[in-house]
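Coordinate inspection notes
Read off the chains here:
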Amino acid sequence: ADVAYLRSVLPSTTDDAFFDYLATLDASEVTVTAIPEGSVVFARVPFLQVKGPLLVVQLLETTLLCLVNYASLVATNAARFRLLAGPDMKLMEMGLRRAQGPDGALSASKYSYIGGMQTGTRAGWMGMKRSTCSHTPGTLDNARGCANPAFPWQELPPRAGGDPVDLAALAVSWLQRVCDLLQTPPAKANQGELAAFVSYAVTFPCDFQGLLDTYCVRRSGLPNFCAVALALHQLGYQAIGVRLDSGDLAQQSKEIRRVFRACGAHFQVPWFGTIPIAVSNDISEQSLEEFRREGSEIDMIGIGTNLVTCPLQPSLGCVYKLVEVNGSPCLKLTEDEEKMTIPGMKTIYRLYDAAGHPFMDLMALEEEPSPSAGQELGIRVLGQLGETTKVIPSTVEPLHRTYFRDGQVCEPLPSLPEVRTHAQVSLNLLSPAHRRLHEPQPYPVAMTERLHRLFLEL
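Only a predicted model underlies this, so the values are computations on that prediction, with no experimental measurement involved. (Residues numbered from 1 in each chain as written. Predicted model: local features only at pLDDT ≥ 70, side-chain atom pairs only at ≥ 80, totals over all residues. Heavy atoms only, no water.)

A word on the environment of L25
In this structure, L25 sits in the loop between α2 (16–22) and β1 (31–34). A relative accessible area of 32% means that L25 is categorised as partly exposed. When near neighbours in sequence (up to four residues on either side) are disregarded, L25 contacts V56 and L59. (Helix = DSSP H or I, 4+ residues; strand = E, 2+ residues; numbered from the N terminus. Buried < 20%, exposed > 50% of the residue type's maximum accessible area, 1.4 Å probe, protein only. Contact = heavy atoms within 4.5 Å.)

As structure tokens, this is what we get:
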């Protein structure tokens, strides 16, 4: 059917033998080698090589670039956020509403996870924890005119068993005690918001969390949450967190933590002071730097727009170039030096120093012998091709593996958690000078003297 469609749209002068040939295409003649998924890859290093009949491998170009460009871009963006936040901060991907369509959103979630994020978008089908609640319940209950809210599902049995208790009435009594402690008038706490919190708590008593800034954090959201959380505690349940989505997030987190600790001490509820605080609201790399600089009590950060749309670099320039035909190396010549290709089928090696950090990637022709650890190498660094550089690696690692041959996948494909772990290990191996996000030391990529001579000849 595909061949028939092409026959209908291509010029009528197209040779019939061309369509006959298309019907015989066979992927078993294709071999694919690649650097393992989740590895750190540097500019000009070929991370995927495809061998096979020319027309077959040309047909793969657009598909392969589509698959690797966005994946690498988003995983890299997520890794930058993870490096800024540090290993212990929980980072939640929340980009579903901003990504380019449902496929783009789920792809972004997958590759964000590889880069080091927890994921909220795919929570339903990845078996991960639910994301946080929205503003809608609070505003909806307020829109219903809940000055003295009637709670349709307000009874909750104690966790240890027994007769159901009116959670709404219990929360109202706790609200008075919390407001007395905080020295804020109970009348300032929005009753519709309290109704929403109670409904949420009755529905999810073991997973109660509150979005505090629907109205006013200090006068409404915070006391309402504390009241419902303490009412739940009285029945044997424990709230799991709060979220902020506007304002000075770092400063508010510190104020909320003070209130939680005060309530925990005053009402003798020790765990109350450690309730997790999550934040969102157009979080960027700059936001994370500000949180670190100012100090905060934030436990989880939700990142959406600036993660999945990659505004600092909206696209990644991966390219797919012909480097050899029938055993004859070839290259693209251009006035733009960065667009000139490196000829020939190549093997890629990562060279490590005595401290275990990679310090250079080396491209060699496929037929060249592998460099050895402890042996001096004469190489040419890209951008400095006019001079030979001598290096002595402590360890040499071949990067490419063969993943597809004779029509079959021939290397076990790792799971997403394995790829994610490999990505973090790869990043952690980099020296701090190469890993820093501001003015990093350039990571050198080089070619062997033999490859350099071929390059000059061509």
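That was the structure; now back to the text.
Points about the packing of aromatic side chains
Taken as a whole and judged by the stated rule, the model has 10 aromatic pairs. Note on F197 and F208: the rings are 6.0 Å apart at their centroids and 75° apart in plane angle, and the pair reads as edge-to-face. Of the two residues, F197 sits in helix α9 (residues 191–203) while F208 sits in the loop between α9 and β7 (209–211), which places them 11 residues apart along the sequence. In this structure, F197 and F208 share a single accessibility class: buried. Ring centres 5.3 Å apart and planes at 50° place the aromatic pair Y200 and F204 in the tilted group. Owing to a relative accessible area of 14%, Y200 belongs among the buried residues under this scheme. (Phe/Tyr/Trp six-rings, centres within 6.5 Å; stacked < 30°, edge-to-face > 60°.)

Considering the sheet that holds strand β15 (residues 377–381)
Backbone hydrogen bonds hold the strands of a sheet together, and the pairing may be parallel or antiparallel. Spatially, β16-β15-β20-β14-β13-β17 is the arrangement adopted by the six strands of the open sheet, whose pairing is mixed. Of all strands in the sheet, those bounded by a partner on one side alone are β16 (389–391) and β17 (395–398). Mean inter-strand twist for the sheet, computed between neighbouring axes without regard to direction, equals 40°. Two strands pair when backbone bridges link them, and strand β13 (residues 346–352) and β17 are joined in this way by four bridges, in the antiparallel orientation. Following the sheet pairing, L351 is matched in β17 by V396. (Pairing = 2+ DSSP bridges. Axes fitted to C-alpha atoms, helices over the stretch in contact; angles between N-to-C directions.)

Describing the domain arrangement of the chain
Structurally, the chain comprises domain 1 (21–53 + 331–457) and domain 2 (76–146 + 154–309). On a C-alpha basis, the centroid separation for the pair domain 1 and domain 2 is 44 Å. Listed by partner, the interface residues are 11 residues for domain 1 and 14 residues for domain 2. When domain 1 packs against domain 2, the two sides together hide about 1100 Å² of surface, and 65% of this comes from carbon and sulfur. For domain 1, the biggest contributors to the area lost against domain 2 are L416, R420 and L437; these three give 59% of the whole. Our count for the domain 1 to domain 2 interface comes out at zero salt bridges. Put simply, domain 1 and domain 2 have four residue pairs in polar contact (both at pLDDT 80 or more) between them. Take the side of domain 1 that touches domain 2: its biggest share by element is seven residues, from helix α14 (residues 416–429). In terms of residue class, the side of domain 1 that touches domain 2 is built from six nonpolar, two polar and three charged. (Domains from an automatic or database assignment. Buried area = accessible area lost by both parts, 1.4 Å probe. Salt bridge = Lys/Arg side-chain N within 4 Å of Asp/Glu carboxyl O. Polar contact = N/O pair within 3.5 Å; in protein donor to acceptor, adjacent residues only side chain to side chain. Nonpolar A, V, L, I, M, F, W, Y, C, P; charged D, E, K, R; others polar.)

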